[in-house]
Amino acid sequence: MDALEAKVIRKTRLVTAVSEIFRNGLIYGGGAVVIIHCDEDDRMVWIDCRDTGPGIVDMELALSDGYTSGGGLGRGLGGAKRLSDEFEIVSEPGVGTQVRLAGRA
Amino acid sequence: MAQAAGLFMVDEIMLVAIDEDINDSDIVALQDRLSEEVYANDAQGIVIDISALEIVDTFVGRIIAQLAGIGILLDAPTYLVGMRPAVAMTLVELGMTLPSVKTARNLQHAVTRLRAAR
Amino acid sequence: MPVRHIHVILDNERASLLRAWGSTQAEEGLIRKDLFSEREARSQIEMLYDALTKGVSASIESDALDPEADCWDDLRAALAEVTRERTKRGVSTGEMAAFVLALKYPLFERLGATVDDTNGGVLIEAINQFTRLIDAVSLYTTELCISERDKTIKRQQDEMMELASPVVELWDRIIAVPLVGTLDSMRAQEVMENTLSAIVDKKADIVIIDITGVVTVDTQVAQHLIRTAAAVRLMGGEAIISGISPRIAQTMVQLGVDTGEIRTRSSLRMALADAFRTLETDVVIRTAK
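Remember, it's a predicted structure, so these values are computed and weren't measured experimentally. (Residues numbered from 1 in each chain as written. Chains lettered and ligands numbered in written order. Predicted model: local features only at pLDDT ≥ 70, side-chain atom pairs only at ≥ 80, totals over all residues. Heavy atoms only, no water.)

Enquirer: I tried to follow the pairing of strand β4 (residues 78-81) of chain B on my own but got confused; where do I start?
Expert: Remark: a regular strand shows side chains that alternate across the two faces of the sheet. All names here are of chain B. Neither face of β4 is left uncovered, since the one carrying Thr-78 and Leu-80 and the one carrying Tyr-79 and Val-81 both have all their residues buried. In this sheet, β4 lies alongside strand β3 (residues 45-49) in parallel orientation, the contact comprising four bridges. Paired with Val-47 across the two strands is Tyr-79, which belongs to β4. Between the parallel elements β3 and β4, the chain passes through helix α2 (residues 58-73) in a crossover that is right-handed. Both β4 and strand β5 (residues 102-104) contribute to a ladder of three bridges, which runs parallel. In the strand pairing of β5, Tyr-79 is matched with Lys-102. On the question of chirality, the crossover connecting β4 to the parallel β5 by way of helix α3 (residues 85-93) is right-handed. (Buried < 20%, exposed > 50% of the residue type's maximum accessible area, 1.4 Å probe, protein only. Helix = DSSP H or I, 4+ residues; strand = E, 2+ residues; numbered from the N terminus. Pairing = 2+ DSSP bridges. Right-handed = clockwise from strand over helix to strand, strands pointing away.)

What follows is the structure, encoded as structure tokens:
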């Protein structure tokens, strides 16, 4: 994002969103793999985060503010979605969860 | 103990300066250290300076709220100072407005208010 | 062969074609005397004409007028210049396209008069080729106009964005953000950014957000105001929202907006008085007798 000369606020938003998602992957997914891709033409930074944890059964519930299954505040997933310009989450119970999000620079 | 945060006692007020590169375990350890120190030194107030932090996510936000909670229980009102604009915006969007935490623009203001309240 | 014919006419008939091109435009009202002088118009036409002739001359060998070829670079550059110049003066996209197309008919007339009738195939081919070229050029002009316009719109948007959310230093440690017009998500974001960085720059303790000039307050706008106030507080400042009209107060209550702990005042004046009180600033106004 520095290469794209992004504004501080854009960087902060995206890094915070990634932090939320990665932490979810660590705590609930038992570890996560993150891939970062920078699209210079579109000035977008894409982040792909996947884990092989238990997955999410009720997605709508998980995305709603205030829901937590792990003793947190329950704002992580919904908050990360609000902070991203693109957000996509796919989860299969028993297989794992994959989150793809992007922020405009 | 990693020096990821500095604790200083100044005139009965405990100053906590959080470092830029503090990690999750450091910040959890800080809870222990702070409560011990506040209790041992009989601190009359706590000021937490987070001006070094570029990112505060819900985890760190929750710890900060808990630090303030501990302060209240130990009868040491706690002020949070130095939050960056981008961090404030992001936290609000995450829905973390930290309603129970007192805030001040800088250390000076926080100390003045703590003194005034005493 | 067809391209050579076109070139011969462009070359030999330069003076008369230029005149004809110019007069077609005059007839169709395409020469905007109100916007630029005849001399300017003539020199622009000549520049385009010569660039066109150069491209056609370079195409004689291949005997095809390929609009994508490099030999039109000069023409493209000339067009870009003329288009920029004219759009700036308010010539419309349609007028620019018509201006380019207006060269066709004078040229066709001369082609018809010069090329031997028995060579009907050549004449048709020449007209075909030239039409294709001019149509492509005209389309290119249209694109130029549009991109020129887009740039203007973008610039104006940026300017409006800045105009619409100024941050004013009212007093030591007191800043005001007068909001005017409608507050969409993007602007609300911008307002919040400007406000928060002004707290740092101006060392402000109190931020007065004045919504006197805001047309309507819906749930979203109210949410934005509440969020801004919350962010101001996180930074250690205090937000006061002023200028809530009776109508907006009613709407907010009906929407069930919970302004919670946010201080609200009916006018900027009241908010300022309140700010002075908070900062324990005494303001004495002396009137000379």
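Enquirer: Can you walk me through the interface of chain C and chain B in this structure?
Expert: Where interface size is given, it is often the accessible area lost as the parts come together that is meant. Tallying the contact residues gives 18 residues for chain C and 18 residues for chain B. Both faces combined, the contact of chain C with chain B buries some 1500 Å², and carbon together with sulfur accounts for 62% of it. For the chain C face of the interface with chain B, the top three residues by lost area are Arg-233, Leu-234 and Met-235 of chain C, together amounting to 42%. Its salt-bridge partner being Asp-205 of chain C, residue Arg-105 of chain B comes within 2.7 Å of it at the nearest N-O pair. Where chain C touches chain B, the interface holds eight residue pairs in polar contact (both at pLDDT 80 or more). Examining the composition of the side of chain C that touches chain B, we find that seven residues originate from one element, helix α8 (residues 185-201) of chain C, more than from any other. Here the residues of the side of chain C that touches chain B are counted per class, giving nine nonpolar, three polar and six charged. (Contact = heavy atoms within 4.5 Å. Buried area = accessible area lost by both parts, 1.4 Å probe. Salt bridge = Lys/Arg side-chain N within 4 Å of Asp/Glu carboxyl O. Polar contact = N/O pair within 3.5 Å; in protein donor to acceptor, adjacent residues only side chain to side chain. Nonpolar A, V, L, I, M, F, W, Y, C, P; charged D, E, K, R; others polar.)

Enquirer: Would you mind going over the interface of chain B and chain A with me for this structure?
Expert: Contact residues are listed per partner, giving 17 residues for chain B and 18 residues for chain A. Summing both partners gives a buried area of about 1400 Å² for chain B against chain A, and 59% of it is carried by carbon and sulfur. Counting every contact that joins chain B to chain A gives three salt bridges. In this structure, Glu-93 of chain B engages Arg-13 of chain A in a salt bridge whose closest nitrogen and oxygen atoms are separated by 2.7 Å. Our count for the contact surface shared by chain B and chain A stands at six residue pairs in polar contact (both at pLDDT 80 or more). Breaking the side of chain B that touches chain A down by element, the ones donating at least two residues are α2 and α3 of chain B. No other element matches α3 of chain B, which puts five residues into the side of chain B that touches chain A.

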